[in-house]
Every structure is written in C-alpha cells, then in structure tokens.
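# Architecture at a glance
Here is what each chain is made of, one letter per residue.
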Amino acid sequence: MKKYLIGALVLIAAVAMIKTVPDKKAHKKAMMEAVKEYVDEEAAKRGIGDGVLSRLGKNIVNKTVEVALNSKLEVDNYLLFNTTHVELDDEVKTLSLGVLGHVFTFDKEMLRDALETSAKEKQELKDERKTAKEAAKEAKRLEKQLRKEQKKREKEARKEQKRREKEARKEQKRREKEAKNKK
C-alpha cells in the first residue's frame, strides 16, 4: 500500500512539474528583470545618478540585451524542467532554469560576461562596417582616379593622333611641292 501511495505522489509531482514548466517568454522576462537589476546595481556602484542620461543609457543596455535574447536565446525542454542558453564566442552558456512555474537566473558574473561579450560583438560589428565603408570609399576613389587617368591617356592618344595627322599632311604637302618642283 505504501508503495502505491509513494508512486501516486511521485506521479502527481511529475505531472505538476510537467504542467508548470515555464515557457520562453517567462525565461526572457526573468532575465530582463535580472539585467535591469544588474544595470541598476552597476550604475549605483559607479556613482551614476538617476538622471535623464542615466535612464537613457540603462534603456539602451536593456533594449540591446532584449534584442540579443530575442535572436540568440534557445530553450532546452527536459519535460520536468527546462533551461535556456545562448552561444557566445563558440561557447554555450546556460542562462536560466525553469521549474514549477519559476525561473531561476544564474550569477551576475556570467551576466556581466554576456553583456561585455555582447558589447564587444556590437563594437566588432561596428568596426567591420566602418572598415567596409572605408574600403568602399577607397575603392570608389581608386575607380575615380583610374577613370581620370584613362581619360588623360585617351586625350593624349587623340592629341598624338592629331599630331601624326598634321605631320602626315605636312609630309604630303612637302611631297606635292617636291613633285611640282621636279616638273
């Protein structure tokens, strides 16, 4: 009888756990709250007040993280619980654990690392765009210079052609004059 009771309790607990596994939205909400808390703590630690610029900066960080979470967050469902992870620098980082309707986020050091990595990736992307823009600008400048040089060569070729034609006419006149003088 005791075995059946324990089995029933385990079954009820398993069903309850299955029914209360949080969804991806709950994970993102919990992580965004953790990010907001972390950003507020970091701002307070660095003596940044709660002015307009400070709030704007915090909002930018929060939006950046939210965009990153929307695009990179993956949920692994294990039936009784689930976890979320992101891939950063070819390394998978687990961000949260969801069980019994609650989401547990992991330590702030990992969050700090993730934010720094995200900022680094954003800066690298910005640098790559800047480099590509500069390369395109340089290519355009070189193309313009080549066109200019091509036009210059064409102009010189036309000038040379005219000079040759003029000399040919002079030679023709000289021959005609010589032929006339021989007669």
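Look up: the structure comes first, before these words.
Residues numbered from 1 in each chain as written. Predicted model: local features only at pLDDT ≥ 70, side-chain atom pairs only at ≥ 80, totals over all residues. Heavy atoms only, no water.

### Observations concerning the overall build of the protein chain
Operational definition: Strands here are runs of E lasting at least two residues and helices are runs of H or I lasting at least four, both read from the DSSP assignment and numbered beginning at the N terminus. Buried means the residue's accessible area, taken with a 1.4 Å probe over protein chains only, is under 20% of the maximum for its type, while exposed means over 50%, and partly exposed covers the values in between. Residue exposure ignores everything except the shown protein chains as possible cover, and the areas themselves are Shrake-Rupley values with a 1.4 Å probe.
Tallying secondary structure elements over the protein chain gives 4 helices and 4 strands in all. Counting helices and strands in the order they occur from the N terminus, the protein chain gives α-α-α-β-β-β-β-α. For the protein chain, buried positions account for 20% of its 183 residues. Total accessible area on the protein chain stands at roughly 15,000 Å², and carbon and sulfur atoms take up 58% of it.

### Focus on the pairing of strand β4 (residues 102-105)
The test is simple: We treat two strands as partners when DSSP finds at least two bridges between them.
Relative to β4, strand β3 (residues 91-99) runs antiparallel, the two sharing 4 bridges. Opposite V99, over in β4, you have H102 as the bridge partner. Connecting the antiparallel pair β3 and β4 is a turn made up of 2 residues, with L100 showing a positive phi of about 50°.

### Section: helix α1 (residues 2-19)
Along an α-helix, residues three or four apart share an orientation, since each turn contains 3.6 residues. For clarity, the cut-off: In this analysis, the expected span of each helix is defined as 1.5 Å times one less than the number of residues it contains.
Under the 1.5 Å per step criterion, the end-to-end length of α1 is 26 Å for 18 residues, consistent within 8% with the ideal 26 Å. Here α1 lies mainly on the outside; 0 of its 18 residues are buried.

Interpretation note: all reported values are geometric properties and have no functional meaning in isolation.
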